[in-house]
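Take a look at the letters that make up each chain.
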Amino acid sequence: MNWTAIAAIYRFEMARFFRTLLQSFLSPVLSTSLYFVVFGAAIGSRIDQVEGVPYGAFIVPGLIMLSVMTQAISNASFGIYFPKFIGTIYELLSAPINFLEIVLGYVGAAATKALFIGVVILITASLFVDLTIAHPFAMVLFLLLTCLSFALLGFIIGIWARNFEQLQLVPLLVVTPLVFLGGSFYSITMLPPIWQKITLFNPVVYLISGFRWSFFGTADVPVGLSLLAIGGFTALCLVVIGLIFKTGWRIRS
């Protein structure tokens, strides 16, 4: 394993992040505050508790998941697309490093950025509501796996995209709606029975449910199933990326 190459890619990507650190810090703080004003104050005044948890605290895991998923995808997709756009990806492909080392560098940086955003949102949310984390180790595990898996998805999107508009296509039209419909700001037990069954086909439900369990000890689906879902998704993304580098799909063309 060429750790020097991985560290070089990682440092390069993180340097871009630190150049806009103020923007990266203020954006999640302002958006989190806005969500609490809209959902916590407006809707929270009508919904006292959900599954025994105050509504303001109940939405925190979903809010973190929404931001972490979109940030991980955005950072990873742009990180690999930009070298394609300016043509420097060929220098990367001709270097004595394998695809796993390239992925570790780009995906590791994107996951780190998403993790930073998640921590900032968690700290900001704690200023609005009283938060207690029932299972801290599980919370960290779910957060790390989510950052990693969606950074891998973003890496795939960055290779697939042919222009900057396509980079935003999947996050805006697929991921964000799935998060909102996946129980981010409500429990799926509040839905009619038929919609509860339909919602179970949404993979994001399992991530949010497991993450919320780590906070409050309540879940819409079994925690083991949540871990299996995110583990399977991560493995699937790794297989797809391996096939992309093996075939050169949209890299060498």
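As the structure is a computational prediction, the values presented were derived from the model and not from experiment.

With respect to the confidence of the model for the protein
Reading fine detail from the predicted coordinates is not recommended where pLDDT is low.
Alright, step 1. Overall, the predicted model of the protein reaches an average pLDDT of 88, with 97% of residues at or above 70.
Alright, step 2. Per-element averaging of pLDDT across the protein places helix α2 (residues 21-43) at the bottom with 74 and helix α7 (residues 136-160) at the top with 95.

Comments concerning the nonpolar core
Alright, step 1. Grouped together as the largest cluster of nonpolar side chains are 63 residues, with contacts concentrated most on I64, M69, F150, F155, F211 and F245.
Alright, step 2. Here this core gets twelve residues from one element, more than from any other, and that element is α7.
Alright, step 3. Discounting chain neighbours no more than four positions away, the residues touching I64 are G118, I121, L122, L143, F211 and F215.

Remarks on the environment of F180
Alright, step 1. When you line up the elements, F180 lands in helix α8 (residues 164-180).
Alright, step 2. Beyond its immediate stretch of four places on either side in the chain, F180 contacts Y35, L66, F185 and Y186.

What about the UniProt feature "transmembrane region" (unreviewed entry) in the protein?
Alright, step 1. The sites that UniProt annotates as "transmembrane region" (unreviewed entry) are residues 21-43, 55-82, 140-161, 167-188 and 225-245.
Alright, step 2. Helix makes up 96% of residues 55-82 and strand 0%. Its end C-alpha atoms lie 41 Å apart.
Alright, step 3. The annotated region residues 167-188 carries 64% helix and 0% strand content, and the separation between its end C-alpha atoms amounts to 30 Å.

Let's talk about the pattern of salt bridges
Alright, step 1. Within the structure shown, the criterion is met by two salt bridges.
Alright, step 2. A salt bridge links R16 to E13, with the shortest nitrogen-to-oxygen separation between them at 2.4 Å. One end of the pair, R16, and the other, E13, are both in helix α1 (residues 3-19), three residues apart, so they sit about a helical turn from each other.
Alright, step 3. Judged by relative accessible area, E13 falls into the buried class, the value being 3%.
Alright, step 4. The salt bridge involving E13 is made with K113; its shortest N-O contact spans 3.9 Å. With E13 in helix α1 and K113 in helix α6 (residues 99-126), this residue pair connects regions lying 100 residues apart in the sequence.
Alright, step 5. Of the residues examined, K113 reaches a relative accessible area of 2% and is grouped as buried.
Alright, step 6. Connected via shared salt-bridge partners are E13, R16 and K113.

Structural notes on the packing of α6 against α7
Alright, step 1. Relative to each other, α6 and α7 sit at 130 degrees, their axes nearing to 8 Å. Relative to α7, the element α6 lies oblique. The handedness of the crossing between α6 and α7 comes out as right-handed. Every residue of α7 that contacts α6 at I102, V103, Y106, V107, A110, A111, A114, L115 and L122 is listed here: M139, L143, L144, C147, L148, A151, L152 and F155.

Points about the packing of aromatic side chains
Alright, step 1. A complete count under the given rule lists 15 aromatic pairs for this structure.
Alright, step 2. Ring geometry for F180 against F185: centres 5.6 Å apart, planes inclined by 45 degrees, an arrangement best described as tilted.
Alright, step 3. An angle of 45 degrees between the planes, with centres 5.8 Å apart, marks the rings of F215 and F216 as tilted. Comparing F215 with F216 shows no difference in burial state: the two are buried.
Alright, step 4. It is R212 that lies over the ring of F58; its NZ or CZ is 3.9 Å from the centre.

So, the environment of F201
Alright, step 1. Among the structural elements, F201 can be located in the loop between α9 (193-199) and α10 (203-216).
Alright, step 2. For the pair F201 and P171, spaced 30 residues apart in sequence, the C-alpha separation works out to 18 Å.

Cut-offs and rules
Residues numbered from 1 in each chain as written. Predicted model: local features only at pLDDT ≥ 70, side-chain atom pairs only at ≥ 80, totals over all residues. Heavy atoms only, no water. pLDDT = per-residue confidence, 0-100. Helix = DSSP H or I, 4+ residues; strand = E, 2+ residues; numbered from the N terminus. Core = buried A, V, L, I, M, F, W, Y, C linked by side-chain atoms within 4.5 Å. Buried < 20%, exposed > 50% of the residue type's maximum accessible area, 1.4 Å probe, protein only. Contact = heavy atoms within 4.5 Å. UniProt positions renumbered as here; feature names shortened; annotations may be inferred. Salt bridge = Lys/Arg side-chain N within 4 Å of Asp/Glu carboxyl O. Axes fitted to C-alpha atoms, helices over the stretch in contact; angles between N-to-C directions. Parallel < 35°, antiparallel > 145°, perpendicular 65-115°, else oblique. Left-handed = near helix turned anticlockwise from the far one by under 90°. Phe/Tyr/Trp six-rings, centres within 6.5 Å; stacked < 30°, edge-to-face > 60°. Lys NZ or Arg CZ within 6 Å of the ring centre and 35° of its normal.

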